[in-house]
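# Structural description and commentary
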Amino acid sequence: MNSIDIDVGGTFTDLVLNFNGRALIKKAPTTPYDLSVCFSRVIEEGASEFGLQIDELLPAIDIIRYSTTIAMNRLIERKGPRLGLITTEGHEDVVLIGRGAQWIDGTRVAERRNLAIQKKPDPLIPRDLIVGVKERVDSRGIVIRPLDENSVREKVRYLVSRGARGFVVSLLWGFLNPVNERRVKEIIRDEYKEFHIGYMPVVLAGQVVGKLGEYERTLAAILDAYLQRSMQIELSAMWDKLRERGYKKPLLMIQSSGGIAEVFRTSASRTFNSGPVSGLMGAHHVAKSLGYQNVVMTDMGGTSFDVGLVVKDSVRSYDFRPIIDRWMVGITMVKTLSIGAGGGSIASLNRLLQNRVQVGPRSAGSMPGPACFNLGGTEPTVTDADVVLGYINPDYYFGGKMRLDKNRAIQAVREKIAKPLGVSVEEGAAIIRKIVNGNMSSAIVKEVHLRGHSPEDFILFVGGGAGATHAEGFKGDIRKAVMFPFSPVFCAFGSSTMDIMHVYEASKKLTLMTPGDQQLTHEYADYNAAVESLVEQARKDLVADGVDPKKAAFVLELDMLYGGQFHVKRALSPRLSLSSTEDVRAICDAFNKEFSEAFSPFVVNPEGGIFIESFILKAIVTTPKVELPTMALEGKDPSAARKGERPAYWPEEKAFRPTPTFAYESLRPGNVVEGPVIVEGQYTTMVVPPRMRFSIDERGLGILETSPV
């Protein structure tokens, strides 16, 4: 299958192109002023490798998959429209009151420690644009106060007069019985019709998040409405260019739930963090083919450092109430960790902490970029430090397409870091590198330990353009780091391994095992009805995507808990439907097993009863995947790949020393290079310090590990 996979990052846009049985990777600088520009440029570069124009390539492509940070960028910039929120009368202040943690949600640790400056985030919808309407649905979904339609019309007109250009409708228990939310939308459409010039979108919270949690459900709907227009403009521009150049197949969007769906059937909030999620899914696919059970997936790009875990051949670890910017939402996301540590991360001195050097989270991005880019940037970045230390070749950065100015890198590090600290330029650069490596290593250790594991039990996968340059510094106690030919574009590669998958959630409380006597339920109808409702919804969406529902496999997960407990555990259900006591027991046994593995056998408590809180259905349609080839080993001698040598600074010796350089693409399976050495690729550079070795295995993968004594 011919496919294109694109990941738009803060600094570079990555491409993985599979065409006529050949796979290649490309990168292009991200154009933040118009993402459709870098989107087209990177495809054009891929087409040129096959001697084709873009309008010759696109008609032969079967599928395009896309991940992006558009949603996060637009949210940070606060470039959304003025919205009005319509809620149940008496609940107008819910999103403003928030939860207690709203004061620190989405803030960095250093900010949380300074209690004096803590304040709640400015709301996306101010209080004068929030109204309540007369209606009430109870917790069983029964309408106990009919909707006052005159009140709705009055409040809608008020919001428009105050400048609202879009509406969010979030009524109490609206996900359980949507009749009043839907009627409010009908009234708005009656007042302001779709063919009017001033057409305004209406987002129903119950449709965005169909489960319990008024606060998180409302915020998710607000984010969708807030980001909808800007994402629509960006993606429509891309779609129009694709259609003009002959592409007629689907444009699929990676979702943070681990799913993938047609772009015009994807809500904005579900695209948040889609790049790291696709990288993690790719790591899971590769780990299975290599026989690795536990993997730390890392991706160090220009702006951020992303970490995800494959544990016991599974990526089913979720954030059930993730934070997007400063907002807690009720959308389930695959768990990843991102910190501000990339090649473009800016190094500065914290005057309040006695000139302590800090790196990130601010980033130079692609415009103006690091000082060495010579595009107007003057702040020292991680890339500048790597250039100063001799690790990055200024004449071969980005495969020689982007020449770097080493003198500007030296000037930035000297003026902003070295001179104030009273150290040499190379020592200042080494400090920057040490700090950013320490930040990334700490992020890995934290993520692994919080899941109850030890780093020694994992393999490190190195992704991102800057990942190989710093892997030796953030590897820590992990015994082996693996670099791939596609490591610089690992997130784009990850999406190429993903199946088409829709994810559906619905809250439904059911008792499977009663407390005390541990009797299993014989009431199967409610369980089966809940699942069938989700399956029917999935079938409709697959048909709309142009996919035959008969090709889909349905996987059910259940949010479950023991009686007397508050937090739920998501477990894979062995049954889609119930028809016997054995079916119920199988689900209870599966939950007990997963709970025991996640926490401890000593806290398993079936005596308290077992209850279902929510149903999560995944509709999966498998797609062909590129597998890693197996090649014959050609011997240890790497001399054919040697390029020469250049001075590089090694902290162990506190001095520059002549260091051999090798061409990564010329190394053959079986070749071994002993550090200190630098291995240069088209889109990345592997730094191998003293007492470490870098080898190429039979799959063409680069292995970084400690040299045997």
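So, how was this worked out
- Counting restarts for each chain: residues are numbered from 1 in the order of the written sequence.
- The predicted nature of this model means local features are confined to residues of pLDDT at least 70 and side-chain atom pairs, given and counted, to a pLDDT of 80 or more, with totals for whole chains, interfaces and linings taken over all residues.
- The side-chain figures draw on all heavy atoms in the structure; neither hydrogens nor water molecules are used.
- Working definition: helices are DSSP H or I runs of at least four residues, strands are E runs of at least two. Numbering for both runs from the N terminus.
- Both definitions apply: the radius of gyration is a C-alpha atom measure, and the globule rule equals 2.2 Å times residues to the power 0.38.
- Three labels apply to residues, based on accessible area from a 1.4 Å probe with only protein chains included: buried if under 20% of the type maximum, exposed if over 50%, partly exposed otherwise in between.
- In this analysis, two residues are considered to be in contact whenever any of their non-hydrogen atoms come within 4.5 Å of each other.
- Values of accessible area rely on a 1.4 Å probe in the Shrake-Rupley scheme; residue burial ignores everything except the protein chains shown.
- By the counting scheme adopted, Arg and Lys are positive, Glu and Asp are negative, and His together with the chain ends is not counted.
- Charged groups are reduced to one reference atom each: NZ for lysine, CZ for arginine, CG for aspartic acid, CD for glutamic acid.
- Here, nonpolar core refers to any group of buried Ala, Val, Leu, Ile, Met, Phe, Trp, Tyr and Cys residues whose side-chain atoms link them within 4.5 Å.
- Only one rule defines a salt bridge in this text: a Lys or Arg side-chain nitrogen within 4 Å of an Asp or Glu carboxyl oxygen.
- Under the pairing criterion, centres of Phe, Tyr and Trp rings, with the six-membered ring standing for Trp, must be within 6.5 Å; the plane angle then separates stacked pairs below 30 degrees from edge-to-face pairs above 60, leaving the rest tilted.
- Should the NZ of a Lys or the CZ of an Arg lie within 6 Å of a ring centre and within 35 degrees of the ring normal, that charge is described as sitting over the ring.
- Here, strands pair whenever DSSP counts at least two bridges between them.
- Angles shown run from 0 to 180 degrees and are taken between the N-to-C directions of axes, each axis being a line fitted to C-alpha atoms and, for helices, limited to the stretch in contact.
- Expected helix span is given by 1.5 Å per residue-to-residue step, counting one fewer step than there are residues.
- An angle counts as roughly parallel when it lies under 35 degrees, as roughly antiparallel when it exceeds 145, as roughly perpendicular when it falls between 65 and 115, and as oblique in every other case.
- Classes in brief: Ala, Val, Leu, Ile, Met, Phe, Trp, Tyr, Cys and Pro nonpolar; Asp, Glu, Lys and Arg charged; the others, Gly included, polar.

With that settled, consider the overall build of the protein chain. Helix and strand counts for the protein chain stand at 17 helices and 34 strands. In summary, the protein chain has a C-alpha radius of gyration of 27 Å against a globular reference of 27 Å for 709 residues, a match within 12%. For the protein chain, the C-alpha atoms occupy an extent of roughly 80 × 60 × 60 Å along the three principal directions. Relative to its 709 residues, the protein chain shows a buried fraction of 57%. Of the contacts formed within the protein chain by residues at least 6 apart in sequence, a portion of 67% connects residues at least 24 apart. As displayed, the protein chain has an accessible area near 29,800 Å², and 51% of this comes from carbon and sulfur atoms. Of the charged side chains in the protein chain, 86 are positive and 84 negative, and the gap between their average positions amounts to 3 Å.

Looking now at the nonpolar core. Among the nonpolar cores identified, the biggest contains 78 residues, and Ile4, Ile43 and Ile86 are the most heavily contacted of them. Of all the elements, helix α9 (residues 214-244) adds the most residues to this core, at 14 residues. In this structure Ile86 touches Val131, Val133, Val156, Leu159, Phe167, Val168, Val169, Ser170, Leu171, Val184 and Ile188, once residues within four positions along its chain are discounted. Met300, Phe458, Ala471 and Met483 belong to the second-largest nonpolar core, a separate cluster that totals 67 residues.

Overall, the coordinates contain 42 salt bridges when judged by the stated rule. We note a salt bridge from Lys419 to Glu415, for which the minimum N-O separation is 3.5 Å. In this pair, Lys419 and Glu415 both sit in helix α12 (residues 406-421), four residues apart, roughly one turn of the helix. When its relative accessible area of 54% is taken as the criterion, Lys419 is described as exposed.

The next subject is the packing of aromatic side chains. Under the definition given, this model contains 23 aromatic pairs. Pairing Phe39 with Tyr66 gives two aromatic rings, centres 5.5 Å apart and planes at 85 degrees, and the pair type is edge-to-face. Placement of Phe39 in helix α1 (residues 35-49) and of Tyr66 in strand β4 (residues 63-68) is noted, with a sequence separation of 27 residues between them. Exposure class is identical for Phe39 and Tyr66. Each is buried. By way of ring pairs, the aromatic residues Tyr292, Phe461, Phe484, Phe486, Phe490 and Phe493 are connected into one cluster. Looking at Arg22, its charged tip hangs above the ring of Phe50, at a distance of 4.8 Å from the centre. Over the face of the ring belonging to Tyr396 we find Lys643, whose NZ or CZ atom lies 4.0 Å from the ring centre.

As summarised here, the arrangement of the four strands in space is β6-β5-β9-β10, forming an open sheet in which the pairing is parallel. With partners counted over all chains shown, the strands left at the sheet margins are β6 (130-133) and β10 (202-204), one partner each. Strand-to-strand, the axes of this sheet are offset by a mean angle of 20 degrees, without reference to chain direction. Relative to β6, strand β5 (residues 84-88) runs parallel, the two being bridged by four bridges. The partner of Leu85 across the bridge, within β6, is Ile130.

This part is about helix α10 (residues 274-290). Counted at 1.5 Å a residue, the expected span for α10 with its 17 residues is 24 Å, and the 24 Å between its end C-alpha atoms agrees. Among the 17 residues of α10, 14 are classified as buried, and the element is accordingly described as predominantly covered. Downstream of α10 by a residue or two, Gly291 has a phi angle that is positive, lying close to 80 degrees.

Moving on, we get to the packing of helix α13 (residues 425-450) against helix α14 (residues 467-474). Closest axis-to-axis distance for the α13/α14 pair is 8 Å, and the angle between their directions is 75 degrees. The angle between α13 and α14 falls in the class roughly perpendicular. Across the interface between the two elements, Arg433, Val436, Asn437, Met440, Ser441 and Ile444 of α13 pack against Thr469, His470, Glu472, Gly473 and Phe474 of α14. Residues that form the contact of α13 with α14 fall into these classes: four nonpolar, five polar and two charged.

Our focus in this paragraph is the pairing of strand β14 (residues 305-310). For a regular strand, side-chain orientation follows a simple rule: the groups alternate between the two sheet faces. In terms of residue burial, β14 counts as a mostly covered element, since six of its six residues are buried. Neither face of β14 is open: one carries Phe305, Val307 and Leu309, the other Asp306, Gly308 and Val310, and all of them are buried. Bridge count for strand β13 (residues 295-300) against β14 is six bridges, and the pairing is antiparallel. What sits directly across from Val296, in β14, is Leu309. Connecting β13 to the antiparallel partner β14 that follows it, the hairpin turn spans four residues. Pairing geometry for β14 and strand β19 (residues 337-339), over three bridges, is antiparallel. Bridging from a neighbouring strand, Phe305 pairs with Ile339 of β19.

Of note, the bond from Gly360 into Pro361 is cis; its omega dihedral lies within 30 degrees of zero at 0 degrees. Mapped onto the elements of the fold, Pro361 is located in strand β21 (residues 356-363). A cis amide bond links Gly675 to the next residue, Pro676, at an omega of 5 degrees. For Trp173, which is not glycine, the phi dihedral falls at a positive 60 degrees. Tracing the backbone shows Trp173 in the loop between β9 (167-170) and α7 (179-191).

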